[in-house]
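Notes for the structure review
Spelled out from the first residue to the last, the chains are:
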2 protein chains.
Amino acid sequence: MAKTAVRKTVERQTGVALWRQIADRIRLAISNGDYDTTGMVPPETALAQEFGVNRHTVRSALAALADEGLVRAVQGRGTLIERKERVTYQISRRTRFSQGLGRQVKEIGSRLLGHDQVPASGEIATALGLAPGALLVELHTVSSGDGRPLSAAVSYFPADRFPRMAEEYARLGSVTKVFSAHGLDDYVRASTEIVARHADAEELALLELSPGAIVLEAHAVNADLEGRPVEFSRTRFAADRMKLRIET
Amino acid sequence: MAKTAVRKTVERQTGVALWRQIADRIRLAISNGDYDTTGMVPPETALAQEFGVNRHTVRSALAALADEGLVRAVQGRGTLIERKERVTYQISRRTRFSQGLGRQVKEIGSRLLGHDQVPASGEIATALGLAPGALLVELHTVSSGDGRPLSAAVSYFPADRFPRMAEEYARLGSVTKVFSAHGLDDYVRASTEIVARHADAEELALLELSPGAIVLEAHAVNADLEGRPVEFSRTRFAADRMKLRIET
DNA sequence: CCTAAATGTCTATTGATCTAGACAACTATA
DNA sequence: TATAGTTGTCTAGATCAATAGACATTTAGG
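The sections below set out a description of the structure shown in this document. (Residues numbered from 1 in each chain as written. Chains lettered and ligands numbered in written order. Predicted model: local features only at pLDDT ≥ 70, side-chain atom pairs only at ≥ 80, totals over all residues. Heavy atoms only, no water.)

A count of helical and extended segments in chain A gives 8 helices and 11 strands. On the principal axes, the C-alpha backbone points of chain A span a range of 65 × 35 × 35 Å. Considering only residue pairs separated by 6 or more positions, chain A has 56% of its internal contacts joining residues 24 or more positions apart. Total accessible area on chain A is roughly 11,800 Å²; 48% of this is exposed by carbon and sulfur atoms. Averaged over its 33 positive side-chain charges, chain A has a centre that lies 7 Å from the centre of its 31 negative ones. (Helix = DSSP H or I, 4+ residues; strand = E, 2+ residues; numbered from the N terminus. Contact = heavy atoms within 4.5 Å. Areas by Shrake-Rupley, 256 points an atom, 1.4 Å probe, with all protein chains shown as cover. Lys, Arg positive; Asp, Glu negative; His and termini not counted. Charge placed at Lys NZ, Arg CZ, Asp CG, Glu CD.)

Let us now look at the protein's contact with DNA strand C. In the neighbourhood of DNA strand C, 25 residues make up the surrounding shell, with Gln13 of chain A together with Leu18, Trp19, His56 and Thr57 of chain B lying closest. The contact atoms of DNA strand C, taken as those within 4 Å of the protein, divide so that sugar and phosphate hold 68%. Interatomic distance of 2.7 Å between a side-chain N/O atom of arginine 55 of chain A and a base nitrogen of DNA strand C. Between a phosphate oxygen of DNA strand C and a main-chain N or O atom of asparagine 54 of chain B, the distance comes to 3.0 Å. Those elements that place two or more of their residues in the surface near DNA strand C are helix H3 (55-67), strand S2 (71-74) and strand S3 (78-81) of chain A together with helix H1 (18-32) and helix H3 (55-67) of chain B. (Near = heavy atom within 4 Å. Polar contact = N/O pair within 3.5 Å; in protein donor to acceptor, adjacent residues only side chain to side chain.)

What follows covers helix H2 (residues 44-51) of chain B. In an α-helix, one turn spans 3.6 residues, which is why side chains three or four residues apart end up on the same side. Residues and elements named next belong to chain B. Turning to H2, its buried residues number three or more, namely Glu44, Leu47, Ala48, Glu50 and Phe51. Projection of H2 onto a plane perpendicular to its axis shows the buried side chains occupying an angular sector of 165 degrees, all on one side. With respect to the buried face of H2, the exposed residues turned more than 90 degrees away are Thr45 and Gln49. Those residues of H2 that are buried are in contact with H1, strand S1 (40-41) and H3. Glycine 52 sits one or two residues past H2 and shows a positive phi near 70 degrees. (Buried < 20%, exposed > 50% of the residue type's maximum accessible area, 1.4 Å probe, protein only. Arc of directions from axis to C-beta.)

Turning to the packing of aromatic side chains, a few remarks are in order. For the structure on display, the rule yields 12 aromatic pairs over all chains. Ring geometry for phenylalanine 157 of chain A versus phenylalanine 179 of chain A: centroids 5.8 Å apart, planes at 75 degrees, classification edge-to-face. In this pair, phenylalanine 157 of chain A is assigned in strand S7 (residues 148-158) and phenylalanine 179 of chain A in helix H7 (residues 175-181), connecting sequence segments 22 residues apart. Considering the side-chain rings of tyrosine 89 of chain B and phenylalanine 237 of chain B, the 4.9 Å spacing of their centres and the 45 degrees angle between planes classify their relative orientation as tilted. (Phe/Tyr/Trp six-rings, centres within 6.5 Å; stacked < 30°, edge-to-face > 60°.)

Between chain B and chain A, which share one sequence, the superposing operator has a rotation angle of 179 degrees and an axial displacement of 0.2 Å; the RMSD is 0.2 Å. When the rotation and shift are considered jointly, the pair of chain copies conforms to a two-fold rotation axis. No C-alpha of chain B approaches the rotation axis more nearly than that of valine 16 of chain B, which lies at 2.3 Å. (Least-squares fit on C-alpha atoms with pLDDT ≥ 70 in both.)

Before going further, it helps to spend a moment on the sheet that holds S3 of chain A. Residues and elements named next belong to chain A. Pairing in this open sheet of 3 strands is antiparallel, and the strands run S1-S3-S2 from one edge to the other. Only two strands of the sheet have a single partner each, and these edge strands are strand S1 (40-41) and S2. Sheet topology note: the S2/S3 ladder contains 4 bridges and is antiparallel. Counterpart to valine 71 in the pairing with S3 is isoleucine 81. (Pairing = 2+ DSSP bridges.)

Let us look at the packing of helix H2 (residues 44-51) of chain A against H3 of chain A. Residues and elements named next belong to chain A. Where H2 contacts H3, the two axes come as close as 8 Å, and the packing angle between them is 110 degrees. On the basis of the axis angle, H2 is roughly perpendicular to H3. On H3, the residues touching Glu44, Thr45, Leu47 and Ala48 of H2 are Arg55, Val58, Arg59 and Leu62. Split into classes, the residues belonging to the contact of H2 with H3 amount to 4 nonpolar, 1 polar and 3 charged. (Axes fitted to C-alpha atoms, helices over the stretch in contact; angles between N-to-C directions. Parallel < 35°, antiparallel > 145°, perpendicular 65-115°, else oblique. Nonpolar A, V, L, I, M, F, W, Y, C, P; charged D, E, K, R; others polar.)

In this complex, chain B contributes 40 residues to the contact, which on the side of chain A involves 39 residues. The junction of chain B with chain A conceals about 3,600 Å² of combined surface from both sides, 60% of it contributed by carbon and sulfur atoms. On inspection of chain B and its partner chain A, the count reaches 4 salt bridges. Salt-bridge contacts for lysine 243 of chain A lead to glutamate 193 of chain B; the nearest nitrogen and oxygen are separated by 3.4 Å. Joining chain B to chain A, the criterion identifies 12 residue pairs in polar contact (both at pLDDT 80 or more). For the side of chain B that touches chain A, the secondary-structure elements that each account for two or more residues are H1, strand S8 (187-198), helix H8 (201-206), strand S9 (214-224) and strand S11 (242-247) of chain B. At 10 residues, the largest contribution of residues to the side of chain B that touches chain A is made by S8 of chain B. Considering only residue class, the side of chain B that touches chain A consists of 18 nonpolar, 9 polar and 13 charged. For strand S11 (residues 242-247) of chain A and S8 of chain B, the ladder comprises 4 bridges, and the chain directions are antiparallel. Bridging across to S8 of chain B, isoleucine 246 of chain A finds its partner in threonine 192 of chain B. (Buried area = accessible area lost by both parts, 1.4 Å probe. Salt bridge = Lys/Arg side-chain N within 4 Å of Asp/Glu carboxyl O.)

Once that is clear, we can look at the sheet that holds S7 of chain A. With respect to topology, 8 strands assemble into an open sheet ordered S5(A)-S6(A)-S7(A)-S10(A)-S9(A)-S8(A)-S11(B)-S4(B), the strand pairing being mixed. The two strands at the open ends of the sheet, each matched to only one other strand, are strand S5 (108-119) of chain A together with strand S4 (87-91) of chain B. Put simply, the sheet's adjacent strands are angled 20 degrees from each other on average, direction ignored. Sheet contacts for helix H6 (residues 165-172) of chain A: S5, strand S6 (135-145) and S7 of chain A; angle to S6 of chain A, the most-contacted strand, approximately 20 degrees.

Here's what the structure looks like:
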């Protein structure tokens, strides 16, 4: 395959505008490091030829990426890449949210959006091995790295075992620390299920995504060392900022 | 939240047509089992009100889903749900493609699209612990369950150890069996990395997806029991047909 | 200090998407 | 056998997405 003349295909009349398809492709190319040699996106005219579209269409795509803060156009020079990393989130028996991220981002933020007491139902009761109707503490949180939201989670904990979960989380900012405060010093990841889908309106807002974006939704069960489940969580990751790594 | 009056939001001027956003939402609702009581999608007028759009826009969305074979409209009755399952693909130390799928689909298909001999480069050489330039057998395959494509994979094997990989795979239809024929009776999954992104044109074709669809791309390394890597694979799953389950 | 190369802005036109309304055709049921 | 509820089809207009071309503005480099 020749390097210059590769025509990258975009599809018409699919309900996804060309400029958005192109924005997605460029975002992917950036995170793949395709433009690392120059640190810039190719010129608009080159991209237009590459994708077989008008230059204005490419400009719409680049404008969207600039909106995301991914690139910055400089008249006369070109379009500079501002950010390219994808944060790797490691899933293993010892999965801890903050730990794996530590080296990849300078500053980790956790925000408690709200909490509630709810009765256990269907999937969650099963996962936690509780009778339907057992009381749970429900926590809504958003986590971010260097100011960019990375994940939005809803977590459930048995209320009898962790009665002050919400208050403690608000104070300590970490589930691991709250477990510790309740006398649970160690726990392991029992299982994780992952699906990918389009973000809904709530997720677009929480994760500051542009519409059409993808979320990775992980349902995880953590258990104490005796195998008793202590947490069920439904975490939605901003897919274009994250990579999941599974150690088996 | 009242059950009838919930206004589900769709976003305008985002580069993703309303009908496609709505199709994505309905597809998700179907796979969540939201319509299981009736086995039908709500009437077009109800959906139009729910999403705050014109009925014609909803019809475009349903037409797309009918195209996928997910629903079937019957004049005078309503729009019936034809399929709703998501296949679960299990990732563990002993991940074998066919095994976990066994009970979920009646018939598993594997198709060898092509093969090649290539020198190891960058990421792949590192993953397999080989010197750059070492010869690899490259296999392109598509796997399906009950006739629907589930995944498209590109796999790499050290050519010195598995010289007849391609021919044997064509004959046996399973990597596990080819390993066995080469004297490798057991192997384990060393690591898996997962990203989610929009499918490109090639993937749309291979996996028979509608544009705008999502793929889960998994990079996996399998190793023999001595820890020597024997396979690197890049598998792209059709995200709306699959769920990944990770046992740790 | 030109000039080439790049992004920025404007106008005009075409095709796709969405809305609006009306009515036909079909199904189930009272 | 009406009737209510549903999907199917058609027309017309409004808005968004994409193309096309021209030219301005900025930057880097000879």
